Structures are given as C-alpha cells and as structure tokens.
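This is what each chain is made of:
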Amino acid sequence: MTDSASSDKPRKPSKSTPGKGRPKLRDGVMKRGNTWSYVIRVTDPETGISKPKWVGGFTTEDAAKEARDEARVKARRGEYIDRNAITVAEYLDQWIESHAVEIRPRTLASYRTMIRLYIKPHIGGLRLQSVRPARITKLYRDLLTGGGEDGKALGISTVQRTHAILRKAFGDAVLVDELIPSNPVERAKRPKAAVNEPGAVWTTVQLRAFLGAVRRHRLFAFYHLAAYTGARRGELLNLRWSSIDLDAKQITISGSTGVVAGERIEGATKSGRSRVVSIDDETVTVLRDHHKAQVADKLLVGKKWRGGDDGYVFATGWGDPIHPDTVGWLMTKTVRAYNAPKEGPRPAEPLPHARVHDLRHIHATTLLLAGVPVHIVAARLGHADPAITLRVYAHVIRSAEVAAADVFARVMNEAA
C-alpha cells in the first residue's frame, strides 16, 4: 500500500475530552494565562438586573479570592464599584469642566492653575482608584519643601488651598461619579496653619471719617453699601438696578464680578446661591441720590450711553461697568489724601490703610459686638453655614461672651 493510497482513507475523529485544557471556574475564581480573575454578580441599581462582573490581573489565586470576598460583601451592600483605569489628571480635567458653571470665574482660574502646577506633576499619572491617604500626605510634604517655582517651598496657605481642591474633587468622585468607595483626602494629614482672624482695621468712627472723605466721589454709594451690607466687592459691582427694591428696603445679590487674566468676568456668588439683604433708611437715601446722579449722566451723554436697559448700579459716566481694581485703587487714594491733605492741617488721627474687603469685616464685627445672632450675620454675609462665621470671627464672639456674663448678672440683680 502506497502512501497516497493510505492518505485517501477517512480519518476517525479524535476522542478528546470536552473542555480538556481549558481553565476551570472554581467558586468564582479562574486562572487566565499567567494571572487570576474572579467574577461576581452585581445588581444594576437602575434596572434591578443582576449581571456578572469580571475582574482580573491578580498574581495569585489567594489574592483573587481575597478580592472576590471583599467584592461580594460590597455587592450585597450595594457599594460595589467597578475597577476603572482613569487617572487623577484625567478625572480632574473632567471634574473642573463639569463644575465650571458653578465656580466663580476668578476661583475657576485659580483652580485650573493649582491643578496644573501643584497636583498633576505629582499625582496626575496615578490611577484615581489607587490613591491612598499616605500618598496625599506625601504630596503636601513635597509641596511644602519644594513644590514652588524653581524648587522653592510653598506656603502653608497654598498647600491648604490645594487640599481644599482635592477634597472637593475626590469627594465628588465618591458621591457623584461613584468611582471610588471613600475619600482618601479626608484621611490625609495636611499642614496646620495659625488662624488669621480679621482684625478691627477701622473703628466705626474711622469708617465715618472715610465715608465723609469719599462722599463727593461718584462711587461714594459703593463704599457706603459695602460697609452697610457686608457684601463682597464683586457682588456689588455685579449689582443691577432691578436687584434693588428701595420701597421694600432690600437688595438681592445673585452674582459676582472678578478679574481673570486682566479681563472683567461675571459669574455666580461664592456660595453659588443668591440672597436678600435688608438696608436701612440712610442707605435707601444714598441709593436714591446715586440713581439720580446716574440718570443725569445718561441724559448728559445721550445716545453715547453704553449702559443697558437694566444697567449696573455702579457704572462709569458712560454706563460701562466698573473694573474691580478701580474701587481698591480709589480707596487707597482717598485714605492717602485724607492723611496728607494738600491744604489745611493733617488729621489728629490718620486712617490706617484698609482694603475694600475690610469694610465687610467691619460690618460683621460691629453686628456681632452689638449682639446680633450669628446666623443672621452669616445670612447677610452670604456664608453657606453659620459655622464659617463662627470660625472667622471667633475672637469677636469671645469678646461678646465676656459681656454676656455681665448682662446676665445685671438682669439677675434687677430681679432681686
């Protein structure tokens, strides 16, 4: 028999055992190639349908079983989270874009800069799900010792702001995006800084002196309103006349103005919410006079008026909005002119240098020392939580507590 003849005969099928040589699944664990994987069933919270979830890459069977057991517990509790390869840098890019509408323009620009300079170079390449508290703590140490330009040390305040950004972003990764089970930033050790309590830059007498010195300027109403409401600079410069109800004696603060890269930008308030602030009779009169002066400006320039139908409360003589830096510069100029007048004697008590933001501190301090409840002061200032007011003005509240003891004793003596 020739080879060709034998090749023409039909061959019998081999009797190989079905599944022989294939990996076997034992209690949800299987070896695939050189690594081990596990599978569990997870219920979709939206559909209620249970589906298998495979997770691989474990070097040993025991490691896969340990991860399987942990995943099963989380699945039963509804806490299971799929493994995700997204990096810290990728997540922060998505996070900052999704929150761009909620964050004030100036704050948003600051967030972007800090993420680019202080976060991405250190932990941007790490998988979001692999970040642990110890790694965040190391980040803070690295920033404090050489995280600045040319390897210079960063200040504690900068590191604390970095911590605030990470805390918010990782918090959203837990609660909103459900990419990680817990926030590692909450358990990281960040540097502590001494609390900088706002001092009493001016007394109420000095405030009156300043307001008297700036009374003849077209922006007098701005400084008066800042001192009498405690509103922020950007909030007042964003104010429109439609937000003011002089008959009801109240203003509605719903937005803010800032400067980003030299440009005037508008956005939401710091808390992201609007608020209504009451005003007194004197302030109503100041605003009425200011409105009359603005109407006179509009009539004077005629068609060249650049203000809209719902114009800004504080505008230039042509109706343009005021640049935020203008009010700070004018305040400094006014204080200098008051302390060193071109004509006449100098004041017996010169005014210390102060910022526009200090008018807000004067407002809060004066109210707290007068016994106004903290939650009311917090509402006027636009603090999201009275705890913020308590923390910022703790020194003022401590002074009021001392006076409270005397008040209680006096009431008791009167009742005797």
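So, a few notes on the structure that sits alongside this text. Note that this is a predicted model, so its numbers are computed, not measured.

Moving on: the nonpolar core. Generally speaking, soluble globular proteins have nonpolar side chains that are buried together. Residues Trp202, Phe210, Phe222, Tyr223 and Phe314 are the most contacted members of the largest nonpolar core, which totals 40 residues. Those residues in contact with Phe314 that lie beyond four places of it in its chain are Leu219, Ala221, Phe222, Leu225, Leu236, Leu237, His290, Pro321 and Ile322. Grouped together as the second largest cluster of nonpolar side chains are 31 residues, Ile119, Leu166, Ala173 and Ile180 included.

Our focus in this paragraph is unusual backbone geometry. Positioned with a positive phi, Lys249 is a non-glycine residue whose angle comes to about 55°. By the secondary structure assignment, Lys249 is in the loop between strand 4 (244-245) and strand 5 (250-253).

For Glu235, the position within the fold is in helix 9 (residues 233-237). Among residues more than four places away in sequence, those in contact with Glu235 are Ile253, Gly255, Ser256, Thr269 and Arg275.

What follows deals with helix 13 (residues 374-381). Of the residues making up helix 13, those classed as buried are Val377, Ala378, Arg380 and Leu381. Each buried residue of helix 13 sits inside an arc of 160° when the element is viewed along its axis, so together they form one side. Structurally, helix 13 contributes buried residues whose contacts are with helix 8 (220-229), strand 8 (275-278), helix 12 (356-369) and helix 14 (386-392). Looking at the residues trailing helix 13, positive phi occurs at Gly382, about 85°.

Taken together, the buried positions of helix 3 (residues 88-98) are Val88, Ala89, Tyr91, Leu92, Trp95 and Ile96. Projected down its long axis, helix 3 shows its buried positions confined to an angular sector of 160°, all on one face. Where helix 3 is buried, its residues meet helix 4 (105-123) and helix 6 (156-175).

This next bit is on the side chain of Gln206. Within the fold, Gln206 resides in helix 7 (residues 204-213). Those residues in contact with Gln206 that lie beyond four places of it in its chain are Val201, Pro350, Leu351 and Pro352.

Read from one edge to the other, the open sheet built from 3 strands follows the order 4-5-8, with strand pairing classed as antiparallel. Here the strands that pair on one side only, and so sit at the sheet edges, are strand 4 and strand 8. By the bridge criterion, 2 bridges tie strand 4 to strand 5 in an arrangement that is antiparallel. Across the sheet, Asp245 pairs through a bridge with Gln250, a residue of strand 5.

Bringing the packing of helix 4 against helix 6 into the picture now. Running from amino to carboxyl end, helix 4 crosses helix 6 at an angle of 85°, the nearest separation of the two axes being 10 Å. As far as their axial angle goes, helix 6 and helix 4 are roughly perpendicular. In contact with Tyr111, Met114, Ile115, Tyr118, Ile119 and Ile123 of helix 4, helix 6 contributes Thr158, Arg161, Thr162, Ile165 and Leu166. A per-class count over the contact of helix 4 with helix 6 returns 8 nonpolar, 2 polar and 1 charged.

Put simply, helix 4 and helix 5 (residues 133-146) touch, their axes get as near as 11 Å, and they point 130° apart. One finds that helix 4 runs oblique with respect to helix 5. Two packed elements cross with a definite hand, and for helix 4 against helix 5 that hand is right-handed. Across from Tyr118, His122 and Ile123 in helix 4, the residues of helix 5 making contact are Arg135, Ile136, Leu139, Asp142 and Leu143. Looking at the contact of helix 4 with helix 5, its residues break down into 5 nonpolar, 1 polar and 2 charged.

Quick notes on the rules
- All residue numbers refer to position in the chain's written sequence, counted from 1.
- The predicted origin of the model limits local features to residues at a pLDDT of at least 70 and limits the giving and counting of side-chain atom pairs to 80 or more, whereas totals for whole chains, interfaces and linings rest on all residues.
- Derived side-chain values reflect all non-hydrogen atoms in the structure, with water molecules and hydrogen atoms excluded from consideration.
- As used here, the term nonpolar core means buried Ala, Val, Leu, Ile, Met, Phe, Trp, Tyr and Cys residues forming a set that is joined through side-chain atoms within 4.5 Å.
- Relative accessible area decides the class of each residue, using a 1.4 Å probe on protein chains only: under 20% of the type maximum gives buried, over 50% gives exposed, and in between gives partly exposed.
- In this description, contact between two residues means that some pair of their heavy atoms is separated by no more than 4.5 Å.
- By the criteria applied, helices consist of DSSP H or I runs no shorter than four residues and strands consist of E runs no shorter than two, each listed in order from the N terminus.
- Comment: arc refers to directions from the helix axis out to C-beta atoms.
- Here, strands pair whenever DSSP counts at least two bridges between them.
- Fitted lines through C-alpha atoms serve as axes, helices being fitted only where they are in contact, and the angles separating the N-to-C directions of these axes extend from 0 to 180 degrees.
- Angle categories: roughly parallel below 35 degrees, roughly antiparallel above 145, roughly perpendicular from 65 to 115, and oblique for all the rest.
- Under the convention adopted here, Pro, Cys and the residues Ala, Val, Leu, Ile, Met, Phe, Trp and Tyr are nonpolar, Asp, Glu, Lys and Arg are charged, and Gly plus all remaining residues are polar.
- Crossing chirality is assigned from the near helix's rotation relative to the far helix, an anticlockwise turn below a right angle marking it left-handed and a clockwise turn marking it right-handed.

In short, the description is geometric, and any link to function would need to be established separately.
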